[in-house]
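Here's the letter readout for the chains.
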Amino acid sequence: MSFSHLGLSDKVLAAVAATGYTTPTPIQEQAIPHVLARRDVLGIAQTGTGKTAAFVLPMLTLLEKGRARARMPRTLILEPTRELAAQVKESFDKYGAGQKLNVALLIGGVSFGDQDSKLTRGVDVLIATPGRLLDHTERGGLLLTGVELLVIDEADRMLDMGFIPDIERICKLVPFTRQTLFFTATMPPEIARITETFLHNPQKIEVSRPATTATGVAQFQVSVGREPHDKRETLRRLLRDAKDLKNAIIFCNRKREVALLHKSLQKHGFAVGALHGDMDQSARTAALDQFRKGDIPLLVASDVAARGLDIPTTSHVFNFDVPHHADDYVHRIGRTGRAGRAGTAISIVTPLDHKSMAAIEKLIGQSIPPVEGHIAARAAASDDTDQPRREHRSRQGSREGSREGSREGSRGGRKPRREREPRHAKGGHHAKDSDHNGSASQAPAAMPPSIGRAEPQRPHRETEGEPADHSHLPAFLLRPVRARV
Ligand code: AMP
């Protein structure tokens, strides 16, 4: 099957050819003809399946006819996060380069006035996060009565973030006769309920079993002790020793932990950025851009980065914290191994995480091979040569352990309806919060980041009884274990 059989316009086909894509992905092949036939679509598909183009390409074809009127967008795409919204806009810029369409982004954290003046010029495609969209409609600057096509993307993420009441309100502002395209990675009961309300006789398309992990991703778990210090030390070891590590996203469960770990890694000389929901928008965009361009190889992130972000070359994902919800694991590790590439996902597991790991393994239907924690710990202890210094574990560790942070996307308890007011990423914590005493003599600024450093090739060990391929494991995990005396 080629793109030319799907009914797309010549302009759109030319844009697809220019990107180099020759074959539609299964979601594209199945969804595009129905979108062009003006049917509602219920797409059960994860990110990484090509689902963005599955709605962007036919939308571009449909939008070739007709013109936008001031303050009355012709189509509306709802996204749960600003980053996803920006990413969908990039898709329109890429595939719609040959068309003179007005595409506007309504997301929190950026100037209201600029967005408003864009709306007055008439918008063909409006891409929005729910809170900011409703702010505009409530101020009277936006009318949704001209919307012919509505896309609700990442609906299960919307549910997690407490956006469903907003979505219900928005749907009442959009004409009943609109066409609706609804995408979700999973189908919890509440999502199933709202599909019955929002969609009219939809074409259901399911391209992969919900909550499966990409097959190209090698998954491992590393057991560590309870102390935050143990986790950080193990992470640094993993980062230094991992083979083929080009870049990595390191996930934490809490925004505060993201900020702390970011600072800690920086102090240890790693080139690292941070991304979480309390950062202001320009800082979020800058961090993501730097990571995409390869200017920074490491990104410490909350689950705001877990879904949908398309960074095709991410080689590794680390779970600094094991996620409390098993499906978050699937989304996180979906940041690597995208579009058929190989990837590695390593979870750092404390004794408190065993229940969560069991739930993850049950969900993904496979066990994640453990690497004994004492191997990691002792290997670290026995090899100080590339350790910048010993860390101070006692007081700092217990202080961090008792610290509370807010969860990025609450599930049982709801997140506030609107996006939070922007705050400055670094405003919330003090230097003493990191895992260092901050003395000048121990400042690690001189230490070069080890990411990107050529690793000496370790001989491949093919000894009897040993699993044949350990190539995804960091070298230190393969070193002989010293007997405890
Ligand atoms: P998505 O699921 O929309 O996040 O897309 C995942 C990745 O697949 C993106 O990098 C797309 O650019 C890429 N992609 C989308 N459609 C195709 C295609 N037909 N062939 C190859 N790659 C594609």
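What this report covers is the structure whose coordinates are included nearby. Keep in mind that what you see is a predicted model, and the values were worked out from it rather than measured. (Residues numbered from 1 in each chain as written. Predicted model: local features only at pLDDT ≥ 70, side-chain atom pairs only at ≥ 80, totals over all residues. Heavy atoms only, no water.)

### Remarks on the overall build of the protein chain
Within the protein chain one finds 16 helices and 14 strands. Burial statistics for the protein chain: of 485 residues in total, 56% are counted as buried. Contacts spanning at least 24 positions in sequence make up 79% of the contacts within the protein chain whose residues lie at least 6 apart. With the model as given, the accessible surface of the protein chain reaches about 20700 Å², and the carbon-plus-sulfur share is 52%. (Helix = DSSP H or I, 4+ residues; strand = E, 2+ residues; numbered from the N terminus. Buried < 20%, exposed > 50% of the residue type's maximum accessible area, 1.4 Å probe, protein only. Contact = heavy atoms within 4.5 Å. Areas by Shrake-Rupley, 256 points an atom, 1.4 Å probe, with all protein chains shown as cover.)

### Regarding the packing of aromatic side chains
Under the counting rule described, the total for this entry stands at one aromatic pair. Over the ring of Phe112 we find Arg139; its NZ or CZ atom is 3.6 Å from the centre of that ring. It is Lys231 that lies over the ring of Phe320; its NZ or CZ is 4.8 Å from the centre. (Phe/Tyr/Trp six-rings, centres within 6.5 Å; stacked < 30°, edge-to-face > 60°. Lys NZ or Arg CZ within 6 Å of the ring centre and 35° of its normal.)

### Description of the packing of helix α5 (residues 112-120) against helix α6 (residues 130-138)
With their axes 12 Å apart at the nearest point, α5 and α6 run at an angle of 65 degrees to one another. Relative to α6, α5 is oriented roughly perpendicular. Between α5 and α6 the crossing geometry is right-handed. Contact residues: α5 offers Phe112, Gln115, Asp116 and Leu119, while α6 offers Arg132, Asp135 and His136. In terms of residue class, the contact of α5 with α6 is built from two nonpolar, two polar and three charged. (Axes fitted to C-alpha atoms, helices over the stretch in contact; angles between N-to-C directions. Parallel < 35°, antiparallel > 145°, perpendicular 65-115°, else oblique. Left-handed = near helix turned anticlockwise from the far one by under 90°. Nonpolar A, V, L, I, M, F, W, Y, C, P; charged D, E, K, R; others polar.)

### Structural notes on the nonpolar core
Counting 36 residues, the largest nonpolar core has Leu8, Phe55, Leu57, Ile77 and Phe92 as its most contacted members. Going through the elements one at a time, α1 (10-19), α2 (26-36), α3 (51-63), α4 (82-95), β4 (125-128), β5 (149-152) and β6 (179-184) are the ones with two or more residues in this core. Counting residues per element, this core draws most heavily on α3, which supplies eight residues. Phe55 has contacts with Ile77, Glu79, Val88, Val151, Asp153, Leu181 and Phe183, leaving out every residue within four places of it along the chain. (Core = buried A, V, L, I, M, F, W, Y, C linked by side-chain atoms within 4.5 Å.)

### Digging into the environment of Leu60
Note on placement: Leu60 falls in helix α3. Separated by 51 residues in the primary sequence, Leu60 and Ser9 have C-alpha atoms spaced 8.4 Å apart.

### Some words on unusual backbone geometry
In this structure, Arg38 takes a positive phi of about 70 degrees despite not being glycine. Tracing the chain through its elements places Arg38 in the loop between α2 and β1 (41-44). Here Glu154, not a glycine, exhibits a phi torsion of approximately 50 degrees, which is positive. By the secondary structure assignment, Glu154 is in the loop between β5 and α7 (155-160). Residue Glu154 is classed as buried on the basis of its relative accessible area of 4%.

### Some points on the sheet that holds β6
Working definition: the strands of a sheet are paired by backbone hydrogen bonds and lie parallel or antiparallel to each other. Pairing is parallel across the open sheet formed by seven strands, whose spatial order is β3-β4-β2-β5-β6-β1-β7. The open sheet terminates on both sides in strands that have one partner only, identified here as β3 (103-106) and β7 (203-206). Between one strand axis and the next, the sheet turns by 15 degrees as a mean value, whatever way the strands run. The pairing of strand β2 (residues 75-78) with β5 spans four bridges and is classified as parallel. Of the residues in β5, the one forming a bridge with Leu78 is Ile152. (Pairing = 2+ DSSP bridges.)

### A few points about the packing of α6 against helix α8 (residues 164-173)
Contact pair α6 / α8: the axes reach a minimum separation of 10 Å and the direction vectors enclose 45 degrees. Between α6 and α8, the interaxial angle falls into the category oblique. The element α6 and its partner α8 pack so that their crossing is left-handed. Contacts from Pro130, Gly131, Leu133, Leu134, Thr137 and Glu138 in α6 reach Asp166, Ile167, Arg169, Ile170 and Leu173 in α8. For the contact of α6 with α8, the per-class residue count stands at six nonpolar, two polar and three charged.

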